[in-house]
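# Chain and residue survey
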Amino acid sequence: LDNQAYNYVIFNKRNPVTAMTISRGCPHSACEFCNSKLYTLGKIRFRDFDAITKEIEEVVFKYGIPEIFFRDQCFTANRELVWKICEYIISNNIDITWRASTRADFVDKELLFLMRRAGCYQLSFGLETCSQEVLDVNNKGITIEQGRQAIEWTKGADIETTGLFMCGMLGDTEINMKGLLRFALDSGVDYAQFNSFGCDPGTPIYEKYKAGQVYLLPERIAKRYEKYSTLKFYLRPKNLLKQVKKIRSLKELKLLVSMLLDLFCYFLRINKLECSRKT
């Protein structure tokens, strides 16, 4: 495979980039909407430290890839393991940048500063909603305040933040979704990913929905707020200027234009789908 084909502009610091994991599963594994329990049985497993470091060495020294995207559901679930990985990267002077996803209740200041020294430049958090009531009814296991605190600590460690949000989840209302964009902006996240809620077969919420025990907003409404929030967040002049400043070559400019065109086409497809459903 041509590693040079794996390029991003919006999030990445360097290209090409590859993905890896240090764990499988989630330490919480109780969210009503999560489908991970279908293949992890509600447990989390961690890879051996030596296997992780050998893969990092292979990525960096054999293939010359300068960046890794850790795709774990909760990268910092095992604090001791993450600490060892960071110390390994620092002590061996491995020149690499990386980003990951985790939960707001699984970070602390000391760990975040060490992660930054080890090359971490961005963390994603599943903040989901601006309503504590919605978090509770979906068994998310965090509070709005924990989400804000995690963002503050992470930015304090000079690490970028991405907020992951959902439109139309269990207990959601149009009032909540109207306030979601403002919540994302006020939280101070550098990036935001808005998704319409998916009710996957096998999840606790699916079984309740199928039995008529709960009500979910129509998908078309959730899609509308997903589109609205995404466009409003990323088309802000401040954000557009930030992305332009990150461009370092003609290749990256072409990538950015291509991504913007893909985003535009995506929303055109959503509009077409909404129109077809209305008719």
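Please refer to the structure placed before this passage.
Residues numbered from 1 in each chain as written. Predicted model: local features only at pLDDT ≥ 70, side-chain atom pairs only at ≥ 80, totals over all residues. Heavy atoms only, no water.

Once that is clear, we can look at the packing of aromatic side chains. Here the structure, examined in full by the defined rule, presents nine aromatic pairs. Plain terms: the ring middles of F33 and F197 are 6.3 Å apart, the flat faces sit at 85° to each other, and that makes the pair edge-to-face. With F33 in the loop between β2 (23-24) and α1 (37-40) and F197 in the loop between β8 (191-196) and α8 (204-210), this pair connects stretches of sequence that are 164 residues apart. Given the relative accessible area of 14%, F33 is considered buried. Assessed through its relative accessible area of 12%, F197 is described here as buried. Joined through ring pairs, the aromatic side chains of F165, F183, F194, F233 and Y234 make up one cluster. Lying over the aromatic face of F49, K84 brings its terminal NZ or CZ to 4.4 Å of the ring centre. Taking the ring centre of F69 as reference, the NZ or CZ of R99 above it sits at 4.1 Å. (Phe/Tyr/Trp six-rings, centres within 6.5 Å; stacked < 30°, edge-to-face > 60°. Helix = DSSP H or I, 4+ residues; strand = E, 2+ residues; numbered from the N terminus. Buried < 20%, exposed > 50% of the residue type's maximum accessible area, 1.4 Å probe, protein only. Lys NZ or Arg CZ within 6 Å of the ring centre and 35° of its normal.)

This part is about the nonpolar core. If you look at the biggest cluster of nonpolar residues, it comprises 56 residues, and the most contacted ones within it are I56, W98 and M115. Sorting elements by how many residues they give to this core places helix α3 (residues 79-91) first, with six residues. With ten residues, the next largest nonpolar core counts F33, C34, V134 and L170 among its residues. (Core = buried A, V, L, I, M, F, W, Y, C linked by side-chain atoms within 4.5 Å.)

Take unusual backbone geometry next. In this model, N15 is joined to P16 through a cis peptide bond whose omega is 0°. With respect to the helices and strands, P16 occurs in the segment before β1 (17-20). With phi around 50°, N93 is a residue other than glycine that occupies positive phi space. Among the structural elements, N93 can be located in the loop between α3 and β5 (97-102). Accessibility expressed as a relative area gives 67% for N93, which makes it exposed. Despite not being glycine, D158 has its phi angle at roughly 65°, a positive value. Residue position: D158 is located in the loop between α6 (144-156) and β7 (160-167).

Attention now goes to empty space enclosed by the protein. What the rule picks out here adds up to two cavities of 30 Å³ or more. Counted as a void, the second largest cavity has a volume near 40 Å³. Residue lining of the second largest cavity: L127, T129, L135, I142, T143, I144, G147 and F183, and that is the complete set. Broken down by class, the residue content of the lining of the second largest cavity amounts to five nonpolar, three polar and no charged. (1 Å grid on protein atoms, 1.4 Å probe; cavity = no way out; pocket = protein on both sides within 12 Å on 5 of 7 lines; lining within 4 Å. Points joined across faces, edges and corners; volume = space filled by probe spheres on them. Nonpolar A, V, L, I, M, F, W, Y, C, P; charged D, E, K, R; others polar.)

Of note, R47 is situated in the loop between β3 (45-46) and α2 (49-62). When the C-alpha positions of R47 and S23 are compared, they lie 5.8 Å apart, and in sequence the two are 24 residues distant. Ignoring any residue separated from it by four or fewer positions in sequence, one finds R47 in contact with M20, T21, I22, I52, E55 and L81. A polar side-chain atom of R47 sits 2.7 Å from a polar atom in the side chain of E55. (Contact = heavy atoms within 4.5 Å. Polar contact = N/O pair within 3.5 Å; in protein donor to acceptor, adjacent residues only side chain to side chain.)

Here we take up the pairing of β8. In this sheet, β8 lies alongside β7 in parallel orientation, the contact comprising six bridges. Looking across to β8, one finds that M166 is bridged to N195. Between β7 and its parallel partner β8, the chain crosses via helix α7 (residues 174-187), and the hand of that crossover is right-handed. (Pairing = 2+ DSSP bridges. Right-handed = clockwise from strand over helix to strand, strands pointing away.)

With that out of the way, let us pick up the packing of α3 against helix α4 (residues 109-117). The N-to-C vectors of α3 and α4 enclose an angle of 30°; their axes lie 9 Å apart at closest approach. Accordingly, the angle class assigned to the pair α3 and α4 is roughly parallel. As for how α3 packs across α4, the hand of that crossing is left-handed. Contacts between α3 and α4 involve R79, V82, W83, C86, E87 and I90 from the first element and E110, L111, L114, M115 and R117 from the second. Across the contact of α3 with α4, the residue classes tally to seven nonpolar, no polar and four charged. (Axes fitted to C-alpha atoms, helices over the stretch in contact; angles between N-to-C directions. Parallel < 35°, antiparallel > 145°, perpendicular 65-115°, else oblique. Left-handed = near helix turned anticlockwise from the far one by under 90°.)

This next bit is on the side chain of S36. Tracing the backbone through its elements, the reader meets S36 in the loop between β2 and α1. On the basis of relative accessibility, which here comes to 0%, the residue S36 falls in the buried class. Each residue touching S36, except ones within four places of it in the same chain, is listed here: S29, L41 and Q73.

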